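Summary of structural features
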Amino acid sequence: MKLVATGFLIGATVIFLLSHWWEVNAGPAWIGYVRAAAEAGMVGALADWFAVTALFRRPLRLPIPHTAIIPTKKDTIGDSLGDFVGQNFLAEAVVRDKLERIEVAARVGGWIAQPENADRVTAEVATAARGVVTVLRDEDVQEIIEQVLVRKLLERPIGPPLGKVLEGVLADGSHHRMVDLVCDRAYDWVTANHEMVLRVVAERAPSWTPRFVDELVADKVFLEVQNFAWAVKTDPEHPMRKAVDTFLIEFAGDLQRDPVTMERAEQVKQQLFDHPDVQRFIGQAWGTVKGMILDAAADPSSELRKRVRDGLISLGKRLDSDPELRAKIDGWLADAAGYVVRHYRAEITTLITDTVARWDAEETSRKIELQVGRDLQWIRINGTVVGALAGLAIYTVSQLLF
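Residues numbered from 1 in each chain as written. Predicted model: local features only at pLDDT ≥ 70, side-chain atom pairs only at ≥ 80, totals over all residues. Heavy atoms only, no water.

Before going further, it helps to examine helix 4 (residues 74–88). For helix 4, which comprises 15 residues, the first-to-last C-alpha distance of 21 Å matches the rise-based estimate of 21 Å (1.5 Å per residue) to within 8%. Those residues of helix 4 lying buried are K74, G78, G82, V85 and G86. For helix 4, the buried positions fall inside an angular range of 105° around the axis, keeping them on one side. Where helix 4 is buried, its residues meet helix 3 (69–72), helix 17 (323–358) and helix 18 (361–401). (Helix = DSSP H or I, 4+ residues; strand = E, 2+ residues; numbered from the N terminus. Expected span 1.5 Å × (residues − 1). Buried < 20%, exposed > 50% of the residue type's maximum accessible area, 1.4 Å probe, protein only. Arc of directions from axis to C-beta. Contact = heavy atoms within 4.5 Å.)

The subject of this paragraph is a nonpolar patch on the surface. The grouping of I15, W21, W22, W30 and V34 at the surface amounts to a nonpolar patch, some 540 Å² of accessible area in total. Sorting elements by how many residues they give to the nonpolar patch places helix 1 (residues 2–24) first, with 3 residues. Residue position: W22 is located in helix 1. (Patch = residues over 30% accessible without salt bridge, like charges linked within 9 Å, V, L, I, M, F, W, Y side chains within 5 Å. Areas by Shrake-Rupley, 256 points an atom, 1.4 Å probe, with all protein chains shown as cover. Salt bridge = Lys/Arg side-chain N within 4 Å of Asp/Glu carboxyl O.)

Turning to helix 1, a few remarks are in order. For helix 1, spanning 23 residues, the distance from its first C-alpha to its last is 33 Å, which sits close to the expected 33 Å at 1.5 Å a residue. Along helix 1, the residues classified as buried are A5, L9, A12, F16 and S19. Looking at the packing, one finds that the buried side of helix 1 touches helix 2 (31–56) and helix 18.

What follows is about the environment of V200. You can see V200 is positioned in helix 11 (residues 194–204). Taking the relative accessible area as the measure of exposure, V200 reaches 40% and is therefore partly exposed. Along the backbone, V200 and L392 are 192 residues apart, and their C-alpha atoms lie at a distance of 135 Å.

The next point concerns the packing of aromatic side chains. Across all of its chains, the model carries 6 aromatic pairs by this definition. On the basis of an interplanar angle of 55° and a centroid distance of 5.2 Å, the ring pair of Y187 and W230 is categorised as tilted. Highlighted residues: Y187 in helix 10 (residues 175–192) and W230 in helix 12 (residues 211–234), separated in sequence by 43 residues. Ring centres of Y339 and Y344 lie 6.3 Å apart, and the angle between their planes is 65°; this geometry places the pair in the edge-to-face category. Residue classification places Y344 among the partly exposed residues on the basis of a relative accessible area of 39%. (Phe/Tyr/Trp six-rings, centres within 6.5 Å; stacked < 30°, edge-to-face > 60°.)

Let us look at the pattern of salt bridges. Under the counting rule described, the total for this entry stands at 19 salt bridges. Between R241 and D180 there is a salt bridge, with its nearest N and O atoms 2.7 Å apart. Here the residue R241 occupies a position in helix 13 (residues 239–257), and D180 occupies one in helix 10, the gap between them amounting to 61 residues. K233 is paired through a salt bridge with D184; the nearest N and O atoms lie 4.0 Å apart. Of this pair, K233 sits in helix 12 while D184 sits in helix 10, placing them 49 residues apart in sequence. On the accessibility criterion, D184 (27% relative accessible area) is partly exposed.

Attention shifts here to the packing of helix 1 against helix 2. Direction vectors running N to C along helix 1 and helix 2 enclose 150°, while the axes themselves pass 8 Å from each other. Taken as a pair, helix 1 and helix 2 cross one another with a handedness that is left-handed. For the pair formed by helix 1 and helix 2, the contact residues are L9, A12, T13, I15, F16, S19, H20, W22 and E23 on the first element and I31, G32, V34, R35, A38, E39, G41, M42, A45 and L46 on the second. Of the residues belonging to the contact of helix 1 with helix 2, the class tally is 11 nonpolar, 5 polar and 3 charged. (Axes fitted to C-alpha atoms, helices over the stretch in contact; angles between N-to-C directions. Left-handed = near helix turned anticlockwise from the far one by under 90°. Nonpolar A, V, L, I, M, F, W, Y, C, P; charged D, E, K, R; others polar.)

Relative to the helices and strands, L376 resides in helix 18. L376 sits in the buried class, given a relative accessible area of 14%. In this structure, the C-alpha to C-alpha distance between L376 and T53, residues 323 residues apart in sequence, is 9.4 Å. With residues near it in sequence (within four places) discarded, L376 still touches V52, L55 and F56.

Its place among the elements puts S19 in helix 1. At 2.7 Å, the side chain of S19 and the backbone oxygen of I15 are in polar contact. (Polar contact = N/O pair within 3.5 Å; in protein donor to acceptor, adjacent residues only side chain to side chain.)

Before going further, it helps to spend a moment on the nonpolar core. Within the largest apolar cluster, 6 residues are counted, these being L9, A12, F16, A38, M42 and A45. Leaving out residues up to four positions away in the same chain, A12 has contacts with A38, G41, M42 and T384. One finds V85, L90, A337 and V341 within the second-largest nonpolar core, a separate group that totals 5 residues. (Core = buried A, V, L, I, M, F, W, Y, C linked by side-chain atoms within 4.5 Å.)

Viewed as axis vectors pointing N to C, helix 5 (residues 92–102) and helix 17 meet at an angle of 155°, and their least axial separation amounts to 9 Å. Here helix 5 is positioned roughly antiparallel relative to helix 17, judged by the angle of their axes. Where helix 5 crosses over helix 17, the two elements pack in a sense that is right-handed. Two secondary-structure elements touch here, helix 5 through E92, V95, R96 and L99 and helix 17 through L333, A334, D335, A337, G338, V341 and R342. Per-class residue counts for the contact of helix 5 with helix 17 are 6 nonpolar, 1 polar and 4 charged. (Parallel < 35°, antiparallel > 145°, perpendicular 65-115°, else oblique.)

Next comes the structure, spelled out in structure tokens:
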């Protein structure tokens, strides 16, 4: 394009020289019109060449003021571009309007509701999970588990929350199944240990009593214990069961309000955490969890990946069919985007200004010229043509007037 534009300049120059020579050597009258047009076209071409060249470099390497604009004003241009983007593209109203019009929740919902897309997202999530788990140092994660999670559990009193949970269990009667199980096991144990009862009675009986008397007493004791266990097992209103309920209710209250009980609960908690098996479990917790995550993430048929996939499809269908949920999510996204551009717009625009500031001035000028230079060369061509037409018009008017 430079060659084409320069060709127009050379053409205008050649026509001007030839027409001027012909004019001064008694040429026809119309040659003056040609000479005027060529002369104006040559001037227009030179003027536009100077203007286009001055954007990127100093014409003829002369230190003419206000030339080489892009190299010398590179940083200013970057700052202005950053301000322009920040004010016109990162304005909160603009961002909110754009998010409202594109309806992010509806598009995402319709997309992830497709099984193949849900599979793709699940695979990407699994890959990301494997990457994160692999990058994390085991000792760092283990230290966090021990120093943060375990310490927080030890610092927080266990009595009041445990008592509150127990109160809830007692209130809805969920503990009755456990009591039933204990009663069943107690009755089965008593029934299966007749010989033990006999042995205990025999060991505790006086040495002077006959053996058959010990056996009669033992049988009597066994039957009484068995009958008692059977009554507790079969009668939901048995006093023993009521006593258990009363004890548990009082214990739940003591866990929340009695200092002595609360202190004993703390001691039991500390003993539990100090137990070697518990310490060993805590030490191996991250390794176990890490292995489970890696195995589940690597296996497309794992239950974890199936649940993630099904959850994504379910979420997509709900987003697709629930306008209220879509409106909520779109509102959250708009609020989040508004917060970001409101508080961090300057930091975002520095991406432009800092990047431009790091560019080499000459290299920047060359890259911009390569991008827009073709259109700028058309300015030179148009300048030649428009200049020639203007020169012709001016010469014609002058001939008509004078």
